[in-house]
Amino acid sequence: MPQTRIAGIGYYVPSNVVTNNDLLKYMDTSDEWIQERTGIKERRYAHRTDETTTTMGVEAAKIAIERAGITKDDVDFIIFATISPDYYFPGCGVLLQRAMKIKEIGALDVRNQCSGFVYALSIADQFIKTGMYKNILLVASEKHSFGLDFSTRGRNVSVIFGDGAGAVVLQPTEKENQGILSTHLHSDGESAEILAMFNPGTHGNHWVPEPVADFADAPIGEMFMSHEMIDKAQNFPNMDGPAVFKKAIVKFPEVIVEALEKNNLKASDLHLLIPHQANLRIAQYVQQKLQLTDSQVYNNIERYGNTTAASIPIALCEAWEQGKVKEGDLVCLAAFGSGFTWGSALLRW
Ligand code: UT7
């Protein structure tokens, strides 16, 4: 059976740099607080009208396709991971297909939040291994700046997130000991509401911690997204940051060790760990726990913030461009986020 290798990789971030101090215009925060608690110095925000989650994905995809030495016409399946899609439906997969004028192949949308790229990579891996597809284009892109609460009320969430896109082309390889060695996926829906965006949604008042609107009197069409929800700013993401943090620092090391043990490897064998860029303090904790050196972990959250599904491919691409990932290197990708969902992928470059 062939293994799956990353044949091409690319990323795109908007040119608009937003520093921590720029956020002071909107909310009561400080550069010091943000850097100390998250490690973030700046992030990118997409152009309001000219850039979307899909268009950023297209830019990243073009680079990945070129680096894979193929053309868009060779792509035989598209997977698009995002939680900030252009439309509620259809997903960005078909929008990217249209924008890139790719033929009538399948397009799948994955919405697994911060774990979206790892989940999508695992799906692609199954398709490649079984021989179903030969050139899968996997894109992860987020335009968070469009849907955050920029008032002081939303500061614990809004200062963290940034926009950007990453993409890979996945192909089969017959080379021994090359490509994806294993992927490991997990979830725990018990804590779904700890990091969630409830609206628009069909929940009524069922799962949400507190009723979000008086649906009894709501006009039938307004139950999905009512004026009341907007008035109360209930159309933005909610997060209990400390609760997410506590779970993340347990699950990150656990799922990395799971991948290493599955392949009879040790943390010291890793050339590079690319953790999802959620918070520099989380990444540093994981590094310490696994006793990894600075050169074994790649972080770029200080420049981009948390770009959810896109964070791993952006970081992986940067690391590769800087010569930090070379043929034969053992690379671990690991993510944890809303759901909770988490996962890892171990690969030999
Ligand atoms: O990628 C998806 C997964 N997400 C994560 O992994 C996020 C995990 N959690 C975190 O990264 C951290 O919990 C945060 C960075 C979100 C928050 O840091 P924290 O150290 O846990 O702070 P906190 O939420 O406990 O808040 C501490 C204080 C509060 O004030 P009081 O109640 O102590 O007076 C907050 O109101 O900091 C305040 N605060 C802020 N102050 C200035 C919250 N956000 C801000 C802000 N600027 N942006």
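Now for a look at the structure at hand. (Residues numbered from 1 in each chain as written. Predicted model: local features only at pLDDT ≥ 70, side-chain atom pairs only at ≥ 80, totals over all residues. Heavy atoms only, no water.)

## Quick look at the packing of aromatic side chains
Right, on to step 1. Going through the model one piece at a time under the given rule, you end up with 9 aromatic pairs.
Right, on to step 2. Seen from their ring centres, tyrosine 26 and phenylalanine 150 are 5.7 Å apart, and the 55° between their planes marks the pair as tilted. Here tyrosine 26, found in the loop between strand S2 (17-19) and helix H1 (31-38), pairs with phenylalanine 150, found in the loop between strand S6 (136-142) and helix H5 (155-158); they are 124 residues apart in sequence, far enough to count as distant.
Right, on to step 3. Tyrosine 26 gets classed as partly exposed once you look at its relative accessible area, which sits at 46%. (Phe/Tyr/Trp six-rings, centres within 6.5 Å; stacked < 30°, edge-to-face > 60°. Helix = DSSP H or I, 4+ residues; strand = E, 2+ residues; numbered from the N terminus. Buried < 20%, exposed > 50% of the residue type's maximum accessible area, 1.4 Å probe, protein only.)

## Description of unusual backbone geometry
Right, on to step 1. The residue after phenylalanine 89, namely proline 90, is reached through a cis peptide bond having omega -5°.
Right, on to step 2. Locating proline 90 in the fold gives a position in the loop between strand S4 (77-81) and helix H3 (92-99).
Right, on to step 3. One non-glycine residue, asparagine 264, adopts positive backbone phi at about 55°.
Right, on to step 4. Positionally, asparagine 264 belongs in the loop between helix H7 (241-262) and strand S11 (272-275).
Right, on to step 5. A positive phi angle is found at glutamine 291, which is not glycine, with a value near 55°.
Right, on to step 6. When its relative accessible area of 71% is taken as the criterion, glutamine 291 is described as exposed.

## Quick word on the environment of asparagine 21
Right, on to step 1. With respect to the helices, strands and loops of the structure, asparagine 21 is situated in the loop between S2 and H1.
Right, on to step 2. Judged by its relative accessible area of 46%, asparagine 21 is partly exposed.
Right, on to step 3. Separated by 20 residues in sequence, asparagine 21 and lysine 41 have C-alpha atoms that sit 9.0 Å apart.

## Observations concerning the sheet that holds strand S7 (residues 164-173)
Right, on to step 1. Overall, mixed pairing links the 5 strands, which are arranged S1-S7-S6-S4-S5 in an open sheet. If you trace the sheet from one side to the other, it starts and ends with strand S1 (3-12) and strand S5 (106-110), each paired once. Sheet twist, expressed as the average angle between the axes of neighbouring strands with direction ignored, equals 20°.
Right, on to step 2. Judged from the 7 bridges that link them, S6 and S7 form a sheet pairing that is antiparallel. From the neighbouring strand, leucine 138 faces S7, where its bridge partner is valine 168.
Right, on to step 3. Across the sheet, helix H2 (residues 53-67) is in contact with S1, S4, S6 and S7; its angle to S1 comes to roughly 125°.
Right, on to step 4. The sheet strands contacting H3 are S4, S5 and S6, and the helix crosses S4 at an angle near 125°. (Pairing = 2+ DSSP bridges. Axes fitted to C-alpha atoms, helices over the stretch in contact; angles between N-to-C directions. Contact = heavy atoms within 4.5 Å.)

## Quick word on the site of the ligand
Right, on to step 1. Around the ligand lies a shell of 21 residues, among which Thr29, Arg37, Cys114, Asn279 and Asn306 are the nearest.
Right, on to step 2. At 3.0 Å, a side-chain N or O of histidine 276 approaches an oxygen atom of the ligand.
Right, on to step 3. A distance of 2.6 Å separates an oxygen atom of the ligand from a polar atom in the side chain of asparagine 306.
Right, on to step 4. Among the elements of the structure, H1, H5, H7 and helix H8 (280-289) are those that each provide at least two residues to the shell around the ligand.
Right, on to step 5. Examining the composition of the shell around the ligand, we find that 4 residues originate from one element, H7, more than from any other.
Right, on to step 6. Looking at side-chain class alone, the shell around the ligand contains 11 nonpolar, 7 polar and 3 charged residues.
Right, on to step 7. Each of two domains, domain 1 (3-173) and domain 2 (179-193 + 238-348), supplies a minimum of three residues to the shell around the ligand. (Near = heavy atom within 4 Å. Polar contact = N/O pair within 3.5 Å; in protein donor to acceptor, adjacent residues only side chain to side chain. Nonpolar A, V, L, I, M, F, W, Y, C, P; charged D, E, K, R; others polar. Domains from an automatic or database assignment.)

## Topic: the pairing of S5
Right, on to step 1. When S4 meets S5, the two strands line up parallel, connected through 5 bridges. Each residue of the ladder has a partner; that of isoleucine 79, found in S5, is leucine 108.
Right, on to step 2. With H3 bridging S4 and its parallel neighbour S5, the resulting β-α-β unit is right-handed. (Right-handed = clockwise from strand over helix to strand, strands pointing away.)

## Digging into H8
Spacing of three or four residues puts side chains on the same side of an α-helix, whose turn is 3.6 residues.
Right, on to step 1. Every buried residue of H8 is listed here: Leu280, Ile282, Ala283, Val286 and Gln287. Projected down its long axis, H8 carries its buried residues within an arc of 160°, all on one side. Relative to its buried face, H8 has exposed residues pointing more than 90 degrees away, namely Gln288 and Lys289.
Right, on to step 2. Summarising the contacts, the buried residues of H8 are in contact with H1, H7, S11 and helix H9 (301-304).
Right, on to step 3. Its side-chain oxygen placed 2.7 Å from the backbone nitrogen of arginine 281, asparagine 279 serves as the N-cap of H8.
Right, on to step 4. Looking one or two places after H8, you find glutamine 291, whose phi comes out positive at around 55°. (Arc of directions from axis to C-beta.)

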